[in-house]
Amino acid sequence: MTASFFNPQKLDDPRYDKLPLSIRVLLEAAIRNCDGFYTKEEDVENILDWQQQQNKAEVVFTPARVLLQDFTGIPAMVDLAAMRDAVAKHGVDPSLVNPKCPTDLVVDHSLQIDYSKWLVRNQEMELSRNKERLQFFKWCSNTFKNVNVVPPDVGAVHQVNLEHLSRVVQVTDGFIYPDSVVGTDSHTTMVNGLGILGWGVGGIESEAVMLGQPVPLALPQVVGCKLVGSINPLTTSIDIVLGITKHLRQAAIAGRFVEFFGPGVSQLSAPDRTTIANMCPEYNATVSFFPIDQVTLKHFKKTSDQEKLDLMESYLKAVKIFRSYEDPSEDPQYSEQVIEINLSSMVPQVSGPKRPQDRVAVSSMKEDFQSCLDEKVGFKGFHISKEKQDIRIPFLHCGEEYQLVHGSVVIASVISCTNNCNPSAMLTAGLLAKKAVEAGLVVRPYIQTSLAPGVGMVTHYLNTSGVLPYFSQLGFEVIGYGCATCVGNTSPLPEPVVDAIKQGDLVACGVLSGNRHFEGRLCACVRANYLASPPLVVAYALAGTVAINFEQEPLGVTSEGKEVYLRDIWPSREEVRETEEDTIISSIFKDLRQRIEVRAPSFSPSHSVVFPWDHKSTYIRSPSFFSKLSKEVPAPQSIENAHVLLFLGNNVTTDHISPAGSIARVSAAAKYLLSKRLTPREFNSYGARRGNDAVMTRGTFASIKLQNRFIGKAGPKTLHIPSGQTVDVFEAAERYQKEGIPLIILAGKDYGSGNSRDWVAKGPYLLGVRAVIAESFEKLHKNQLVGMGIMPLQFLPEQNADSLGLSGKEKFTLAMPDSLSPRQQLTVKTSDAKSFAVTAMFDSEIDVIIFRHGGHLRYVARTFL
């Protein structure tokens, strides 16, 4: 077997020993893939000279594999299928269009809840309505080379990636090299907890990687995060996650690598580390990397035989990407910024009520919620007048009378993505449920409770440990596997509950163990949403309110009149660890392997080289991205007399641009589906229909929380400027296209923050948007715009639409120069004689080349012509 460092002198270079271990992985990939075309010797030298070149040099990264989940994976595969059609029309063999980079597609990820208590009925509904998608996935598995489809009913992408796909080291064609990955999901960063370098990209970028193009990136700064101190016995891994998230968010480390070191790291289990790495998108770092140590190897004893473990350890030590956290002499040199976090300072926390970075100590929760009622409407405030703060609204549910007040919990969900990779967090919740039932406590029946693990193995270990029946007794039934409540796919609240909330204008609350909870995301009538650890979700469900001091107030009173406090039923850290070690760990990976072996789609798709599109399908449709594909690269076209489609403010997220939840019955997408003779029950979600461009284009900017300054209130509406009419965003764009009018978008700061969704760029492109002018962009979204041929233009520092006196109703003209360069300044002129400069946000010459080709998809397709 040959190690991948084909030039041993690199290991002996004194610069190598000073490199952060995450940078050593980048260096290895550059050396192994150095072909003089995509990856050049200059890239290798720049990475090796990281101390001087960080944040200066542009390099490339070729990952070992690509990871797709259903939501963003299906449009990527649809594009490849459409690309086969396009090249075939030009006389090119369509079978040549295949992923060059090994690609895993995990079918299970997203779940629409129809029945809040019945797992089997939800599974039947999912299989029925997703039959077309599953058939398409099967065709992809049978037709494309280098594509591995993980079948349905196995688990969510994050879990399958950790527990089945991740290998630490890869062995291919006689080479041993580090495992690495880019995935079409922001939670791909979870694998960094296992010492596997990886991060999320959009579907557009992933397609380029699948077809052999590396990921361009500025050589990152690496922030060292030193962990010291001892963990408090009552502190869960989620508390540690939220604490580290706060520290790193305040440190302003956007776009950097974070690498953990220090003696405190050794106290964290592999699941603890992956949970911490999972929150990376919340503090805007690219990755949070935990170098491999003995804890990592011990974790992989569950999936690898001793021979593989010996090979793994020998290779990692030979190339110096294995370390001991207890030995400070192994600490590399980081960028100037080093953050020290004392683990003993961590206390139980929740996050909310509207943003994940707004952390609240559980001990201060009651007072903090009261201040939220008092404060003006904003990131934390709801501005409820004093005379209305004590209002109580009675209602009947199942023949019993209850009352709702401000702070009442109406949704409590232990969901996927963040916590089920960590048995200790889920076990703590299960043992808490067991103790609560044994103490005689119950959850009020009107509270919408659910347990949606990301993978069936979680159900397995909860059942094996004996706690699953107690979850069920409190109403936390397993409803399926995948994203559910946190993307707005919760089942409807009981009508009396909704009526009571509306009657009292109540600030009702949702509590969930995820990492996304923007206002209105869970349910339109639930204004306050808190992220919490799984056991705290159960605790707040038992209490029925977030306005409680657990130290001074009981969770409830038993039928015998005994008051039960949280401290009476909270399981000890030793109790959790004992249960985890004795009954769970050894069975987890065995169960996963068995599920993958027996689960396979029963559908029989076509084996044709090109996909047999069904023109009646409302799930899978060939997009129009390649309709005008030619060998010649068109000259960049100037934007003349463009109208503004949307005039937006700050913090426009990908949720605003391309919602992933349910399809509103009055939306443009709903009208389209109704025209196809579907009933509202058959609409499914935007995420499930990402393979249909007609639905997704109509769903672009369809968020009920979109704040368009043309309109003055939230909603998916805009102003059609020529007529002065207020219409749906899609209808306005359709009118503009018929009138031959190009479109732009005006926005404020942090445009495009949030999840990596390719439709946040594809949708605007199909609406006719040619450019977005914003105060600043989230980098991933900026790259997605470039990848679709939309210009990301940034106002100059200290300038914005208001300072320039723009109303948004002007016509805008941008003359496109014959040649473009990264960060070039261009001039925008308006119909009322204003003129202002903007910066074209291209990071590299590769960005410029891709834009000139009209985006990634057309650039890649032309390589086959």
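Going by the structure above, here's the rest.
Predicted model only: the values in this text are computed from it and were never measured.

Colleague: So what about the sheet that holds strand E5 (residues 147-150)? Which residues, and what values?
Modeller: Read from one edge of the open sheet, five strands run E5-E4-E3-E8-E9, paired in parallel fashion. Bordering the open sheet on either side are E5 and strand E9 (197-200), each of which pairs with just one other strand. Across this sheet, the average inter-strand angle for adjacent strands is 20°, counted without regard to direction. Sheet analysis places strand E3 (residues 65-69) next to strand E8 (residues 180-183), joined by three bridges and oriented parallel. What sits directly across from Val66, in E8, is Val182.

Colleague: So what's going on with the packing of aromatic side chains? Which residues, and what values?
Modeller: For the coordinates displayed, the defined rule picks out 22 aromatic pairs. On the numbers, 6.2 Å between centres and 65° between planes, the contact of Phe471 with Phe476 is edge-to-face. The exposure classification of Phe471 matches that of Phe476, with both residues buried. Look at Tyr751 and Phe777: their rings are 6.1 Å apart centre to centre, the planes differ by 90°, and that puts the pair in the edge-to-face class. With a gap of 26 residues between them, Tyr751 in the loop between strand E28 (743-746) and helix H26 (759-767) and Phe777 in the loop between strand E29 (769-774) and helix H27 (779-787) connect regions that are remote in the sequence. On the accessibility criterion, Tyr751 (1% relative accessible area) is buried. Here Phe777 falls in the buried class, since its relative accessible area comes to 12%. Over the ring of Tyr16 we find Arg24, and its NZ or CZ is 5.2 Å from the ring centre. The ring of Tyr619 is capped by Arg689, whose NZ or CZ atom sits 3.9 Å from the centre of that ring.

Colleague: Which residues make up the sheet that holds strand E33 (residues 835-840), and what are the values?
Modeller: Spatial ordering of the closed barrel is given by E25-E28-E29-E30-E33-E32-E31, a layout of seven strands whose pairing is mixed. Taken pair by pair, the neighbouring strands of this sheet meet at an average axis angle of 40°, ignoring direction. Across four bridges, E28 lies against E29 in parallel orientation. Paired with Ile744 across the strands is Ala771, a residue of E29. Sheet contacts for helix H25 (residues 729-738): strand E25 (639-647) and E28; angle to E25, the most-contacted strand, approximately 170°.

Colleague: Got a sec to walk through unusual backbone geometry? Specific residues and values, please.
Modeller: The peptide bond linking Gly352 to Pro353 adopts the cis configuration, its omega dihedral lying at 15°. Position of Pro353 among the secondary structure elements: in the loop between strand E15 (349-351) and strand E16 (359-361). Notably, Asn146 is not glycine yet its phi reads approximately 70°, a positive angle. Here Asn146 shows up in the loop between helix H7 (131-143) and E5. On the basis of relative accessibility, which here comes to 39%, the residue Asn146 falls in the partly exposed class.

Colleague: Please set out the side chain of Ser335 residue by residue, giving values where relevant.
Modeller: Considering the arrangement of structural elements, one finds Ser335 in the loop between helix H13 (306-318) and strand E14 (338-342). Overall, Ser335 belongs to the buried group, its relative accessible area being 6%. Of note is the side chain of Ser335, whose polar atom sits 2.4 Å from the side chain of Gln54. With residues up to four places along the chain from it excluded, the contact list for Ser335 reads Trp50, Gln54, Gln221 and Val222.

Colleague: Which residues make up the state of the cysteines, and what values do they have?
Modeller: Here the structure, examined in full by the defined rule, presents zero disulfides. Not engaged in a disulfide, the cysteine Cys509 finds its nearest cysteine sulfur in Cys372; these two sulfurs lie 9.1 Å apart. Residue class for Cys509 comes out buried when judged on its relative accessible area of 0%.

Definitions and limits used
- Along each chain, the written sequence defines residue order, and numbers are assigned to residues from 1.
- The predicted origin of the model limits local features to residues at a pLDDT of at least 70 and limits the giving and counting of side-chain atom pairs to 80 or more, whereas totals for whole chains, interfaces and linings rest on all residues.
- Hydrogen atoms and water are omitted, and side-chain values are computed over all heavy atoms in the structure.
- Any two strands are treated as partners once DSSP identifies two or more bridges connecting them.
- Each helix is a run of H or I in the DSSP string that is no shorter than four residues. Each strand is a run of E no shorter than two, and both are numbered from the N terminus.
- Note on method: axes are straight lines fitted to C-alpha atoms, helices fitted across the in-contact stretch only, with angles between N-to-C directions ranging 0 to 180 degrees.
- Stacked, edge-to-face and tilted are the three classes for Phe, Tyr and Trp ring pairs, Trp counted by its six-membered ring, which pair at centre distances within 6.5 Å; planes under 30 degrees apart are stacked, over 60 edge-to-face, the rest tilted.
- Accessibility here uses a 1.4 Å probe with only protein chains present; expressed as a share of the type maximum, an area under 20% marks a residue as buried, one over 50% as exposed, and anything in between as partly exposed.
- Throughout this description, the term charge over a ring refers to an Arg CZ or Lys NZ atom that lies within 6 Å of the ring centre and within 35 degrees of the ring normal.
- Note on contacts: a residue pair is in contact if any heavy atoms of the two residues lie within 4.5 Å.
- By the criterion applied in these results, polar contacts are pairs of N or O atoms within 3.5 Å in which, for protein atoms, one can donate a hydrogen and the other can accept it, and in which residues neighboring in sequence qualify only through two side-chain atoms.
- In plain terms, two cysteine sulfur atoms within 2.5 Å form what is called a disulfide here.

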